[in-house]
Amino acid sequence: MANTYKRDDLTIDQQLALDGAAARLSDEFTGTFGTETIERFLHSSYDQFADRATVPNFLPLLAERFARQRLQALARIEGKDTSGTPIVLFLCVHNAGRSQMALGLFTKLAGSHAIAWSGGSEPTDQINPAAVEVMRERGIDIMGEFPKPWTTEIVQAADVVVTMGCGDACPIYPGKRYLDWELDDPAGKTVEEIRPIRDEIERRVRTLLVELDVPIA
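Below or above, wherever it landed, is the structure these notes cover.

What counts and how
- Residues numbered from 1 in each chain as written.
- Predicted model: local features only at pLDDT ≥ 70, side-chain atom pairs only at ≥ 80, totals over all residues.
- Heavy atoms only, no water.
- Salt bridge = Lys/Arg side-chain N within 4 Å of Asp/Glu carboxyl O.
- Helix = DSSP H or I, 4+ residues; strand = E, 2+ residues; numbered from the N terminus.
- Buried < 20%, exposed > 50% of the residue type's maximum accessible area, 1.4 Å probe, protein only.
- Axes fitted to C-alpha atoms, helices over the stretch in contact; angles between N-to-C directions.
- Parallel < 35°, antiparallel > 145°, perpendicular 65-115°, else oblique.
- Left-handed = near helix turned anticlockwise from the far one by under 90°.
- Contact = heavy atoms within 4.5 Å.
- Nonpolar A, V, L, I, M, F, W, Y, C, P; charged D, E, K, R; others polar.
- Core = buried A, V, L, I, M, F, W, Y, C linked by side-chain atoms within 4.5 Å.
- Phe/Tyr/Trp six-rings, centres within 6.5 Å; stacked < 30°, edge-to-face > 60°.
- Lys NZ or Arg CZ within 6 Å of the ring centre and 35° of its normal.

### Details of the pattern of salt bridges
Consideration 1: Under the defined criterion, the tally for this structure stands at 19 salt bridges.
Consideration 2: Asp185 is the partner of Arg98 in a salt bridge, and the nearest nitrogen-oxygen pair spans 3.7 Å. Taken together, the residues span a long stretch of sequence, with Arg98 in helix α4 (residues 98-110) and Asp185 in the loop between β4 (177-180) and α7 (191-211) at a distance of 87 residues.
Consideration 3: On the accessibility criterion, Arg98 (6% relative accessible area) is buried.
Consideration 4: On the basis of relative accessible area, Asp185 is assigned to the partly exposed category, the value being 32%.
Consideration 5: Through salt bridges that share partners, Glu137, Arg138, Arg195, Arg198, Asp199, Glu202 and Arg206 make up one connected network.

Here it is as structure tokens:
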């Protein structure tokens, strides 16, 4: 696949990594999106992380993963994904604690019967280590996740948007189902202090799955 995006702000290794990501995404979305759309989403996803990445070598991987999610969302919006699988979007401020725990719990409990995404109004550069630890106690590894923003297509594609403390910064679209979960922010808290937050999130996730008629794994 020919690369239509030429950038001067990338190292040779980063450009090669993005070229490889574009090829993989092109294979994955063959018949759904063309090369120009795929590369546009990939490079705009790269730019979302470029200013706050602590490990630049990981940027192409983060961009690929985020672009894949955005393209999946666009396919749903445009009617190119007719699976009908419920999509739930969890939003908080930094996408480093509450929304990441909700994502991990929802994904484990729903299995392949529903899809969960997460995002933040002011995403930070890493997942809260204490949140990682309390989730590990539940047998869920969220270490591989990464704080990310939300985009228009991701919000529009979601069937349910769960907000957790992002206030007026949370996006509002007519006709979308919104749930506002008032939960303590785990930032700066110990593992012991975060456990009750995790348990409350799990309780609410289980309730949501029942409401969505999604079998719990």
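### Description of the packing of helix α5 (residues 129-136) against α7
Axis angle and axis distance: for two packed helices, these are the angle between their axes and the distance between the axes, and together they describe the pair.
Consideration 1: Following both chains from N to C, one finds α5 and α7 inclined at 60 degrees, their axes separated by 9 Å at the closest point. With respect to α7, the axis of α5 lies oblique. The interaxial crossing formed by α5 with α7 has right-handed handedness. From α5, Ala130, Ala131, Glu133, Val134 and Met135 reach across to α7, where they touch Val191, Ile194, Arg195 and Arg198.
Consideration 2: Looking at the contact of α5 with α7 residue by residue, the class counts come to six nonpolar, no polar and three charged.

### Quick notes on the nonpolar core
Consideration 1: If you look at the biggest cluster of nonpolar residues, it comprises 35 residues, and the most contacted ones within it are Phe33, Leu42, Leu89 and Trp117.
Consideration 2: Secondary-structure elements contributing two or more residues to this core are α1 (12-28), α2 (35-50), α3 (59-77), β1 (87-92) and α6 (152-157).
Consideration 3: Top contributing element to this core by residue count: α3, with nine residues.
Consideration 4: Not counting residues up to four positions away in its chain, the partners in contact with Leu89 are Trp117, Ser118, Gly119, Ile154, Val155, Ala158, Val160, Val161 and Val162.
Consideration 5: Of all hydrophobic cores here, the second largest spans 34 residues; its members include Met101, Ala110, Val134 and Val162.

### Some thoughts on the packing of aromatic side chains
Two aromatic rings are characterised by how far apart their centres lie and by the angle between their planes.
Consideration 1: In the structure shown here, the tally under the stated rule is five aromatic pairs.
Consideration 2: Ring geometry for Phe29 and Phe33: centres 6.0 Å apart, planes at 45 degrees, overall tilted. Of the two residues, Phe29 and Phe33, both sit in the buried class.
Consideration 3: Ring centres of Phe90 and Phe106 lie 5.7 Å apart, and the angle between their planes is 65 degrees; this geometry places the pair in the edge-to-face category. Within this pair, whereas Phe90 is found in strand β1, its partner Phe106 is found in helix α4, the two being separated by 16 residues in sequence.
Consideration 4: Of the aromatic side chains, those joined through ring pairs into one cluster are Phe49, Phe66 and Phe146.
Consideration 5: If you follow Lys148 out to its NZ or CZ, it ends over the ring of Phe146, 4.7 Å from the centre.

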